[in-house]
Amino acid sequence: HSDSSPLEGVILRPLDDELRDGYSIPKDIDGVLVMEVEDDSPFVGKLEPLTVIIEINGNAIESIDGIEKNLVIGGQNRLYVWSGGKKRFVILKL
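Presented here is an overview of the structure given in this document. What you see as residue numbers is a count from 1 along each chain, following the sequence as written. In keeping with the model being predicted, local features are shown solely for residues with a pLDDT of at least 70 and side-chain atom pairs are shown and tallied solely at 80 or more, while totals for entire chains, interfaces and linings include all residues. Derived side-chain values reflect all non-hydrogen atoms in the structure, with water molecules and hydrogen atoms excluded from consideration.

## Concerning the overall build of the protein chain
- A run of DSSP states H or I qualifies as a helix once it reaches four residues; a run of E qualifies as a strand once it reaches two. Both are numbered from the N-terminal end. Within the protein chain, the regular secondary structure consists of 2 helices and 6 strands.
- Each helix (α) and strand (β) of the protein chain, taken in turn from the N terminus, gives the series β-α-β-β-β-α-β-β.
- Relative to its length of 94 residues, the protein chain is compact, with a C-alpha radius of gyration of 12 Å against a globular reference of 12 Å.
- For the protein chain, the spread of C-alpha atoms along the three principal axes comes to 35 × 30 × 25 Å.
- Note on classification: 1.4 Å probe, protein chains only; a residue is buried when its accessible area is under 20% of the maximum for its type, exposed when over 50%, partly exposed between these limits. Counting every position in the protein chain, which comprises 94 residues, the buried fraction comes to 38%.
- The long-range fraction of contacts in the protein chain, counting pairs at least 24 apart against all pairs at least 6 apart in sequence, stands at 40%.
- Per-residue and other accessible areas follow the Shrake-Rupley method at a 1.4 Å probe size, with only the shown protein chains counted as cover for residues. Entry remark: accessible area of the protein chain is about 5500 Å², with carbon and sulfur atoms responsible for 46%.
- With 10 positive and 17 negative side-chain charges, the protein chain shows a spacing of 9 Å between the two charge centroids. To get the radius of gyration, use the C-alpha atoms; to get the globule rule, take the number of residues to the power 0.38 and multiply by 2.2 Å. The contact rule is simple, with two residues in contact once any of their heavy atoms fall within 4.5 Å. Charge convention: Lys and Arg are scored as positive, Asp and Glu as negative, and His as well as the terminal groups of each chain are ignored. Charge coordinates come from a single atom per side chain, which is NZ of Lys, CZ of Arg, CG of Asp or CD of Glu.

Given below as structure tokens:
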């Protein structure tokens, strides 16, 4: 499976200045950007493209590895995200 995303069917990229400029994401937002959510992903409707994952379960996320390390498999995960100019919490069950 070439997509080594820790979130099945979700294409992720670490946020950098180029992505921030390209998608008008504020400079003070750090995390990992959701580029795409595939139609067959279990996270359709939970995660939208161009959402930045800032924290998972209270831990700051700076890399795709960080997502993997902080996700609780078989449990509930509280994601703090930035999307459409607002920060909010999303609960994901894995």
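## Let's talk about the environment of Asp-40
- By the element assignment, Asp-40 lies in the loop between strand S2 (32–37) and strand S3 (52–56).
- Note: C-alpha distance between Asp-40 and Val-10 (30 residues apart in sequence) is 9.7 Å.

## What about unusual backbone geometry?
- With a phi angle near 55°, Ser-24 is a residue other than glycine that sits in the positive phi range.
- Tracing the backbone through its elements, the reader meets Ser-24 in the loop between helix H1 (17–23) and S2.
- The backbone of Asn-57 shows a phi angle near 50°, a positive value even though the residue is not glycine.
- Inspection of the secondary structure assignment puts Asn-57 in the loop between S3 and strand S4 (59–60).
- Asn-57 sits in the partly exposed class, given a relative accessible area of 28%.

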